[in-house]
Amino acid sequence: MTDFQLYFELGREHIMDITAYDHILFVMALCTIYQVAEWKKVLILVTAFTIGHSLTLALVTLDLIAVNSAVVEFLIPVTILITALGNIGKRNVDFHQRASRTNYFFALFFGLIHGLGFSNYLKALLGTDTDIIGQLFAFNVGLEVGQVLIVLIFMGIAAVLHFFFHIARRDWILAVSSAIAGIAVMLMVETKFW
């Protein structure tokens, strides 16, 4: 297996790891307000998140910045909670271009925080390796592919529920976002750093 394949698989597996479900929850929260027909917006949203976490992942892995991992582990569920509450507030809104741009900004910004969380994991994998640009790239591509798979599964379930059970978009957003917000609060309590 080449270095690219190895780090690609590690990135994909890391984002899809059910025991690290905070990242899965965030990706689900990001795309809860969208329908399958809006797949381009969702792809841009997930890519904005990838760009954000790729930046901080690279900065920490290359030892350009240092972070307190306890604070980061607390901030990750905070981003999930804010996204879920934002969804609840938008459940009755028609989504237009300006609302989408705001979502892209938050995905990018919150991606910066999530990248800090990924960084300790990747840094431990890389050890003392000095030529890490290729590994960083492969890991991030793997993360992106994993996120797209999560989105496909999640939005597929949403489409089936809407088509066969006629669940309204507003009700879907409220139910899913409320559940995600509740889990995020529990994660915040578990990871409080003070």
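Structural data are supplied above this passage.
Criteria and thresholds
- Residues numbered from 1 in each chain as written.
- Predicted model: local features only at pLDDT ≥ 70, side-chain atom pairs only at ≥ 80, totals over all residues.
- Heavy atoms only, no water.
- Axes fitted to C-alpha atoms, helices over the stretch in contact; angles between N-to-C directions.
- Helix = DSSP H or I, 4+ residues; strand = E, 2+ residues; numbered from the N terminus.
- Parallel < 35°, antiparallel > 145°, perpendicular 65-115°, else oblique.
- Left-handed = near helix turned anticlockwise from the far one by under 90°.
- Contact = heavy atoms within 4.5 Å.
- Buried < 20%, exposed > 50% of the residue type's maximum accessible area, 1.4 Å probe, protein only.

Novice: Which residues make up the packing of helix 2 (residues 21–31) against helix 4 (residues 69–90), and what are the values?
Specialist: The geometry of helix 2 relative to helix 4 is characterised by a closest axis approach of 9 Å and an angle of 25° between their N-to-C directions. When the axis of helix 2 is compared with that of helix 4, the two are roughly parallel. In the packing of helix 2 onto helix 4, the handedness of the crossing is left-handed. Between helix 2 and helix 4, the contacting residues are Asp22, His23, Leu25, Phe26, Ala29 and Leu30 on the first element and Glu73, Ile76, Thr79, Ile80, Thr83 and Asn87 on the second.

Novice: So what about unusual backbone geometry? Which residues, and what values?
Specialist: Phi at Asp63 takes a positive value of approximately 60°, unusual for a residue other than glycine. According to the relative accessible area criterion, Asp63 is exposed, its value standing at 55%. Of note in this structure, His166 is not a glycine but carries a positive phi near 55°.

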